Amino acid sequence: MNQQSSGIKRLLEFTGPSRGLLTLSRILSGISALFILGPFLCVYFAAKDLLDVFAGGSLDTESLVRWGVLALILELIGLALYFAALLCSHVVAFRTEKNLKMAALTHLAKMPLGYFDRNPSGKLRKIIDDNSFQTQTFIAHQLPDLVGAQVTMAASLVLMLLFDWRVGLPLLLLFGVGFYLQGSLNGKDSMKFMQSYQDALETMNHEAVEYIRGISVVKVFGQTVHSFSKFNAAIQSYRDDALAFTMSCKKGMVAFNSIVNASFLVLVPAALLIGLVSPDLPGFMQSFLFYLIFSPACAVMLNKIMYMTSYKMQAEESMRRIDGILSAKPQRETDRPQTAGGHDISFADVTFRYEGTDHPAVSHLSFIAKPGTTTALVGHSGSGKSTTASLIPRFYDVQEGVVRIGGVDIREMASEDLMKKVAFVFQNPRLFKDTLLANICAARPEATREEALQAAHLAQCDDILAKLPQGIDTVVGSKGVYLSGGETQRIAIARAILKDAPIVLLDEATAYADPESEQQIQQAFKGLTKGKTVVMIAHRLSTVRDAEQIVVMKQGGIVEKGTHDGLVAQGGEYARMWDNYTKSTQWHIGGEVKSC
Ligand SMILES: Nc1ncnc2c1ncn2[C@@H]1O[C@H](COP(=O)(O)OP(=O)(O)OP(=O)(O)O)[C@@H](O)[C@H]1O
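Residues numbered from 1 in each chain as written. Predicted model: local features only at pLDDT ≥ 70, side-chain atom pairs only at ≥ 80, totals over all residues. Heavy atoms only, no water.

- As named in an unreviewed UniProt entry, the protein is ATP-binding cassette, subfamily B, taken from Desulfitobacterium chlororespirans DSM 11544.

Laid out in structure tokens, this is it:
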């Protein structure tokens, strides 16, 4: 990425090969502006003919018709050229919008997971969508229009000087002051206001999304907008910024509008002064007619340029915001990727702290998960189990120590290679708004339909597919087709099964399953995880009993390691947890003890 350029220059780097089309669009728009100026000249010449009648000449109707037809032809050519200019600019605008989105999304794919903790997905989506759309409107409309307005303005000013420089010059000075004012209105201060206004807008949108996400809590606890203080503060801040921005433009706008619309204040005295001393009064009156027709057109163009310059600032700000994403440092990729010599996972004195926190989430972790075995991470809530598991696929990079797969530091492996080796079933899996088949195949796009169906079968999804109208081809998340937490989890398990990776990470993979389906899933896993390195996290200790290794975590550290029987016999932390667990799975009715 070229960090040197900024603003519109930077934006135009994303036009790609269609840059030439944009130049063509600007040229066409400039030429069209000249053609559209033609009818004004025709009106002037027609009016001049009419003035001749008052000076004693005869009315030449043929000439009037000629001017009318010429005006129509020039206008039509101008419009056709403008249409062609917009056609070209729209093609470039849509391509640029696509390129910007692609660049941002491709870059996001390289970011470590920690980046998304600080930049929630909703906020990122809004930055990418809103700002790339702003740049699209700018390129499609304002960029060609700006050239058109500038050409019209320049041509009008040249004509004004050519007709009678004595009237043209004061007008030129007047418009010069207007031009200076519009420049200062859109100066650095405005850019700063624009930035803080956009920041406030972005924060308000983000807080609105958070508010709506938490609407169930708001409803259940009878809270109001005002009690949702962050959202409320964001609205106030947006209001203050919008007001400050508007007020900052007030004086400048009044001055600008007064000046550019005051051409008659210059024209009338100039006409009186020059007319009185002019030896050719009728000739001067004809020139004066020209100024009467053209000076309002110049005022309109200056207004147009002024608004387009503010759109340009908006587009520059949009580009800056997208650049904010593009300049974020991606996860380090090794230049010399190494290939893992096996599928064992080893943690060697690993310490990891989340960004912005004081305490490490996990510290001095050392354990080995051997190939073909299951290692279960157990411990109380917040003890660091999920964090430990998420270090294996490099969702985060460790600050101290090293995580190895097959003897190779995972930071020295190509991330694509690492991802191929690991299948992960999250606590709260997400499904795309797509068919179940596409969702399952997301793990291995080249998989056949039969393989996907087989994976779904092994993950106990047959009942889900049977009840849906189009089975595995049903689109989830639309037209009322929603899956329960447990069903979503089983689809995610099917996805992991299909991936057939040598390392399987299961974070509370059976959390939503009822006892019956949990048993079935466990059976499916047994067959499937054969010969694979499995690291699983489970609160229900019954699910980890058969694990070859149980790693007991407490406050981010490992307190015990061993097999179920060994740890129970040891009588330590795990034994206490097991005791509590077995007690919690029993219930009493009138002295009778039953198992859940
Ligand atoms: N994204 C994050 N940013 C900052 N701190 C975090 C983040 N995720 C987890 N933590 C903190 O790290 C510690 C370990 O959390 P972790 O989720 O790994 O525990 P856990 O044992 O998996 O808990 P649970 O069983 O409840 O899922 C906790 O103190 C938690 O608050």
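Read on for the rest.
**Looking at the overall build of the protein**
Then comes step 1: Check the secondary structure of the protein and you find 20 helices and 12 strands.
Then comes step 2: Taking 596 residues into account, the globule formula puts the C-alpha radius of gyration at 25 Å, and the protein, at 36 Å, lies well above it.
Then comes step 3: Per-residue burial for the protein yields a buried fraction of 46% across its 596 residues.
Then comes step 4: Considering only contacts in the protein between residues 6 or more positions apart, those separated by 24 or more positions represent 76%.
Then comes step 5: By element, 60% of the accessible surface of the protein is carried by carbon and sulfur atoms, the whole surface being about 30400 Å².
Then comes step 6: Of note, the protein has its 57 positive side-chain charges centred 2 Å away from the centre of its 56 negative side-chain charges. (Helix = DSSP H or I, 4+ residues; strand = E, 2+ residues; numbered from the N terminus. Rg over C-alpha atoms; globule rule 2.2 N^0.38 Å. Buried < 20%, exposed > 50% of the residue type's maximum accessible area, 1.4 Å probe, protein only. Contact = heavy atoms within 4.5 Å. Areas by Shrake-Rupley, 256 points an atom, 1.4 Å probe, with all protein chains shown as cover. Lys, Arg positive; Asp, Glu negative; His and termini not counted. Charge placed at Lys NZ, Arg CZ, Asp CG, Glu CD.)

**Observations regarding the sheet that holds strand 5 (residues 408–409)**
Then comes step 1: One open sheet holds the four strands; their spatial order is 2-1-4-5, and the pairing between them is antiparallel. With partners counted over all chains shown, the strands left at the sheet margins are strand 2 (362–369) and strand 5, one partner each.
Then comes step 2: Note that strand 1 (residues 345–352) and strand 4 (residues 400–405) share five bridges and pair antiparallel. The residue of strand 4 that forms the bridge with Thr-351 is Glu-400. (Pairing = 2+ DSSP bridges.)

**Some thoughts on the UniProt feature "transmembrane region" (unreviewed entry) in the protein**
Then comes step 1: Mapped onto the present numbering, the UniProt feature "transmembrane region" (unreviewed entry) falls at residues 21–47, 67–93, 146–163, 169–187, 254–277 and 283–303.
Then comes step 2: Overall, residues 67–93 shows 100% helix and 0% strand. The separation of its end C-alpha atoms is 38 Å.
Then comes step 3: Across residues 283–303 one finds 100% helix and 0% strand; the C-alpha atoms that close the span lie 31 Å apart. (UniProt positions renumbered as here; feature names shortened; annotations may be inferred.)

**Regarding the packing of aromatic side chains**
Geometry of an aromatic ring pair is reported as the spacing of the ring centres plus the angle between the planes.
Then comes step 1: According to the stated counting rule, one finds 11 aromatic pairs in the structure shown.
Then comes step 2: Between Tyr-197 and Phe-245, the ring centres sit 5.9 Å apart and the planes meet at 40 degrees, which makes this aromatic pair tilted. Of this pair, Tyr-197 sits in helix 7 (residues 188–213) while Phe-245 sits in helix 9 (residues 229–260), placing them 48 residues apart in sequence.
Then comes step 3: By relative accessible area, Phe-245 is classed as buried at 17%.
Then comes step 4: Through a chain of ring-to-ring contacts, the aromatic side chains of Tyr-44, Phe-45 and Trp-67 assemble into a single cluster. (Phe/Tyr/Trp six-rings, centres within 6.5 Å; stacked < 30°, edge-to-face > 60°.)

**Focus on the sheet that holds strand 10 (residues 557–562)**
Then comes step 1: Strand order in the open sheet made by the six strands is 6-7-8-3-9-10, with mixed pairing throughout. With partners counted over all chains shown, the strands left at the sheet margins are strand 6 (422–425) and strand 10, one partner each. Between one strand axis and the next, the sheet turns by 15 degrees as a mean value, whatever way the strands run.
Then comes step 2: Note: strand 3 (residues 374–379) against strand 8 (residues 533–537), four bridges, orientation parallel. Residue pairing across strands places Leu-377 opposite Ile-537, the latter belonging to strand 8.
Then comes step 3: Across the sheet, helix 20 (residues 573–584) is in contact with strand 3, strand 9 (549–554) and strand 10; its angle to strand 9 comes to roughly 95 degrees. (Axes fitted to C-alpha atoms, helices over the stretch in contact; angles between N-to-C directions.)

**Digging into the confidence of the model for the protein**
Then comes step 1: The predicted model of the protein averages 83 in pLDDT, with 91% of residues at 70 or higher.
Then comes step 2: Strand 12 (residues 592–595) is the least confidently modelled element of the protein, averaging 48 in pLDDT, while strand 1 averages 95, the highest of any element. (pLDDT = per-residue confidence, 0-100.)

**Quick notes on the packing of helix 10 (residues 263–277) against helix 11 (residues 281–326)**
Then comes step 1: Contact geometry for helix 10 and helix 11: axes closest at 11 Å, N-to-C directions at 175 degrees. Relative to helix 11, the element helix 10 is oriented roughly antiparallel. Contacts between helix 10 and helix 11 involve Ser-263, Phe-264, Leu-267, Ala-270, Ala-271, Ile-274 and Gly-275 from the first element and Leu-281, Phe-284, Phe-288, Tyr-291, Leu-292, Ser-295 and Pro-296 from the second.
Then comes step 2: Residues belonging to the contact of helix 10 with helix 11 are distributed by class as follows: 11 nonpolar, three polar and no charged. (Parallel < 35°, antiparallel > 145°, perpendicular 65-115°, else oblique. Nonpolar A, V, L, I, M, F, W, Y, C, P; charged D, E, K, R; others polar.)

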